[in-house]
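Single-letter residue listing:
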Amino acid sequence: MSRSGAAAEKADSRQRPQMKVNEYKENQNIAYVSLRPVQTTVLIKTAKVYLAPFSLSNYQLDQLMCPKSLLEKNSNNEVACKKTKIKKTCRRIIPPKMKNTSSKAESTLQNSSSAVHTESNKLQPKRTADVMNLSVDVESSQDGDSDEDTTPGLDDFSGLSPYERKRLKNISENADFFASLQLSESAARLREMIEKRQPPKSKRKKPKRENGIGCRRSMRLLKVDPSGVSLPATPTLPTLVADETPLLPPGPLEMTSENQEDNNERFKGFLQTWAGMSKPSSKNTEKGLSSIKSYKANLNGMVISEDTVYKVTTGPIFSMALHPSETRTLVAVGAKFGQVGLCDLTQQPKEDGVYVFHPHSQPVSCLYFSPANPAHILSLSYDGTLRCGDFSRAIFEEVYRNERSSFSSFDFLAEDASTLIVGHWDGNMSLVDRRTPGTSYEKLTSSSMGKIRTVHVHPVHRQYFITAGLRDTHIYDARRLNSRRSQPLISLTEHTKSIASAYFSPLTGNRVVTTCADCNLRIFDSSCISSKIPLLTTIRHNTFTGRWLTRFQAMWDPKQEDCVIVGSMAHPRRVEVFHETGKRVHSFGGECLVSVCSINAMHPTRYILAGGNSSGKIHVFMNEKSC
């Protein structure tokens, strides 16, 4: 074949995929020629060739006859015909790099090709199969001359060898196979679909019904009676916003009980009992602190029973206070829905000693008995009102009101309860003077905090007060408050999360305890209020109460100011007492305590502890002598 024909054939093979091509490679490491058929992989279908052992006895003589041109030259040796055709085929498929081989390599090829059949038995099974496969392919090419001649389009290539005719036949069959798949037409259609893709259609409009009513609706919504006659229009009343709770009217509110009958002898006796507690109790501060050993012994004597568990309010308890009476055990609680509950534990049966009032419309977050008159109880609520319950007059009078803000906590600046400091949720503070006749005098100041949760006044130096906010605890001087922006004297920045409360120790104010959401109780040394207050102790305590429980607030014991009381999430349920050094002093528990007491209060002079949970119950631990 000419060089131009070979170049054209090579270009044709690059353009079209070659499916069945037999290539012969020379192994330079051994003295024989390895003739190995190479099969390429079809994209969709794979051509499989099943080989069988070749034997001359299985074929007739006429099937193995070589062309006449070759028989005339080598009539004495039939194998020489095969060598000649193999040699011709190898010369036609040798790559360009092999054309420059020396004559010595060609003579080696001729000598080795004459001994293919004799040396094949000595080769490995894999190479023997390759030689047999090649011989079968060559013989089938000679025997199939009649089949190839019948193939259309191959008559013009009469000058080609049988192997080249077989190769062209395979190429033609592969081309026909790919043409039958119609890949180009499918690709063209897919490309056209992508290019001409239309935007998504708009939603289909629902067809209107003939009667014009549309979907089926109730007659009440259509405002018609069963006969089809339209009903008269009802006047619409102004409705309140669902999220807003209506505020109670300003001014004094009558003290009426929600759970007891009004205007009966028992309720009058209850009012007389609380009104008789008007004399303040004398605090025995000269006695000082008792030893931890005796204090711990007194705590061990406090027990709880079913008779000291009371259901007071319907919602979670947010605040609690114990009356300082030495003869009667009186407990006051503030609930989530604006309720104030009063409980007399000396009353029997115990259901007759519980009275619930509703002086507020939102949670009551702070509750104190007046230090000047214990017959007065002051309650502060989120609804922006501060009221004083007077049992002698049976009313809740209004002390301070600010409908534009929400209150969080308050405390008395003066010992006679004439002036108060009120903390707002938005970070503002109010100085309230109750000595003004008619209405209280207000001085609104802005603090450097984004939110205020608790406010507590120093028990000795009452011009100082401490506030707990988001992540800061500040100590302010009430004499230096500014209406624009008040700067704190000292800031406690050791906290990493929001702070629930901060309180001075009750007798001297030399300690500050804070409750933080990072599960730590911190005790600071505030004996000298200077530019910095050192941190004394960090007590690891689980304060993660979750969403449905009231947050913990660690409180000082009024009788033992170096010990704090706090609720616990541990099982079994308990209330724990810690010393300022971090050691656990005592744990209150029992079979009757089956819930978490988030808010706790200790009696100022007696060994009585009251704990409130998030379902409106109080659990009272008392000394056996006090029961």
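Residues numbered from 1 in each chain as written. Predicted model: local features only at pLDDT ≥ 70, side-chain atom pairs only at ≥ 80, totals over all residues. Heavy atoms only, no water.

Digging into the overall build of the protein
- Counting its regular elements, the protein contains 12 helices and 30 strands.
- Relative to its full complement of 627 residues, the protein shows a buried share of 43%.
- Look at the contacts in the protein between residues 6 or more apart in sequence, and 53% of them connect residues 24 or more apart.
- Of the accessible surface of the protein, which amounts to about 36400 Å², a share of 52% is contributed by carbon and sulfur atoms. (Helix = DSSP H or I, 4+ residues; strand = E, 2+ residues; numbered from the N terminus. Buried < 20%, exposed > 50% of the residue type's maximum accessible area, 1.4 Å probe, protein only. Contact = heavy atoms within 4.5 Å. Areas by Shrake-Rupley, 256 points an atom, 1.4 Å probe, with all protein chains shown as cover.)

Here's the deal with the side chain of Asn402
- Topologically, Asn402 is positioned in the loop between strand S11 (395-401) and strand S12 (407-412).
- Its relative accessible area of 6% is what places Asn402 among the buried residues.
- Of note is the side chain of Asn402, whose polar atom sits 3.1 Å from the backbone nitrogen of Arg404. (Polar contact = N/O pair within 3.5 Å; in protein donor to acceptor, adjacent residues only side chain to side chain.)

Regarding the pairing of strand S5 (residues 330-335)
- The buried fraction of S5 is high, at six of six residues.
- With burial as the criterion, each face of S5 is covered, one bearing Leu330, Ala332 and Gly334 and the other bearing Val331, Val333 and Ala335.
- By the bridge criterion, five bridges tie strand S4 (residues 317-322) to S5 in an arrangement that is antiparallel. Within S5, the position partnered with Ile317 by the bridge is Ala335.
- In the sheet, S5 pairs with strand S6 (residues 340-344) via five bridges, with the strands oriented antiparallel. Bridging from a neighbouring strand, Gly334 pairs with Val340 of S6.
- Linking two consecutive strands that pair antiparallel, namely S5 and S6, is a turn of four residues; a positive phi of about 85° is found at Gly338 within it. (Pairing = 2+ DSSP bridges.)

What about the pattern of salt bridges?
- This structure, assessed with the given rule, holds 15 salt bridges.
- In this structure, Asp525 engages Arg511 in a salt bridge whose closest nitrogen and oxygen atoms are separated by 3.1 Å. Here Arg511 lies in strand S21 (residues 511-516) and Asp525 lies in strand S22 (residues 520-525), a separation of 14 residues in the sequence.
- One salt-bridge network, in which partners are shared between bridges, spans Arg387, Glu398, Arg401 and Glu403. (Salt bridge = Lys/Arg side-chain N within 4 Å of Asp/Glu carboxyl O.)

Some points on the sheet that holds S5
- Overall, antiparallel pairing links the four strands, which are arranged S4-S5-S6-S7 in an open sheet. In the strand order of this sheet, the two ends are held by S4 and strand S7 (354-357), each with one partner. If you compare each strand with its neighbour and ignore which way they point, the axes differ by 20° on average.
- Against the sheet, helix H11 (residues 265-275) makes contact with S5, S6 and S7, and its axis sits at roughly 85° relative to S7, the strand it touches most. (Axes fitted to C-alpha atoms, helices over the stretch in contact; angles between N-to-C directions.)

A look at the packing of aromatic side chains
- Evaluated as defined, the whole model comprises 19 aromatic pairs.
- With a centroid separation of 6.0 Å and an interplanar angle of 15°, the aromatic rings of Trp274 and Phe369 are classed as stacked. On the criterion of sequence distance, the pair formed by Trp274 in helix H11 and Phe369 in strand S8 (residues 364-369) is long-range, its members being 95 residues apart.
- Judged by its relative accessible area of 0%, Trp274 falls in the buried class.
- By relative accessible area, which is 11% here, Phe369 ends up buried.
- Judged by centre distance (5.7 Å) and plane angle (20°), the ring pair of Phe465 and Tyr476 falls under stacked. In this pair, Phe465 is assigned in strand S17 (residues 464-468) and Tyr476 in strand S18 (residues 473-477), connecting sequence segments 11 residues apart.
- Relative accessible area serves as the criterion here: at 0%, Phe465 is assigned to the buried category.
- By the ring-pair criterion, three or more aromatic residues cluster together here, those being Phe267, Phe270, Trp274, Tyr355, Phe357, Phe369, Phe391 and Phe396. (Phe/Tyr/Trp six-rings, centres within 6.5 Å; stacked < 30°, edge-to-face > 60°.)

Thoughts on the side chain of Asp383
- Summarising the element assignment, Asp383 is placed in the loop between strand S9 (376-381) and strand S10 (385-390).
- Despite its burial, Asp383 pairs with no opposite charge, the nearest such side chain being Arg387 at 6.1 Å.
- A polar atom in the side chain of Asp383 sits 3.1 Å from the side chain of Ser381.
- Among all residues touching Asp383, those that are not within four sequence positions of it are Leu247, His360, Ser361 and Gln362. (Lys, Arg positive; Asp, Glu negative; His and termini not counted.)

Comments concerning the sheet that holds S22
- Spatial ordering of the open sheet is given by S20-S21-S22-S23, a layout of four strands whose pairing is antiparallel. A single partner strand is all that each edge strand has here, and the edge strands are strand S20 (499-504) and strand S23 (535-540). Neighbour-to-neighbour, the strand axes of this sheet turn through a mean angle of 15°, independent of strand direction.
- Pairing of S21 with S22 involves six bridges; the strand directions are antiparallel. Directly across from Thr514, in S22, lies its bridge partner Arg522.

Remarks on the environment of Val333
- For Val333, the location among the structural elements is in strand S5.
- You can call Val333 buried: its relative accessible area is 1%.
- Considered as a pair, Val333 and Lys617 are 284 residues apart in the sequence and their alpha carbons are 9.6 Å apart.
- Excluding residues within four positions of it along the chain, Val333 makes contact with Val312, Thr313, Ile317, Ser319, Met320, Gln339, Val340, Gly341, Leu367 and Ile618.

Side note on the pairing of strand S27 (residues 584-588)
- Inspection of the sheet shows strand S26 (residues 575-579) paired to S27 by four bridges, in the antiparallel sense. Directly across from Glu576, in S27, lies its bridge partner Ser587.
- Counting the residues between successive antiparallel strands, the hairpin from S26 to S27 contains four residues, one of them, Gly582, with a positive phi of roughly 100°.

Concerning the confidence of the model for the protein
- The predicted model of the protein has a mean per-residue pLDDT of 76, with 67% of residues at 70 or higher.
- Confidence, expressed as mean pLDDT per element, reaches its minimum in the protein at helix H3 (residues 78-93) with 41 and its maximum at S26 with 97.
- Across residues 56-152 the pLDDT falls below 50, and counting only partners more than four positions away or on other chains, this stretch makes 82 contacts in the model.
- Here residues 237-243 is modelled with pLDDT under 50, and outside its nearest four sequence neighbours on either side it reaches one contact, counting other chains as well. (pLDDT = per-residue confidence, 0-100.)

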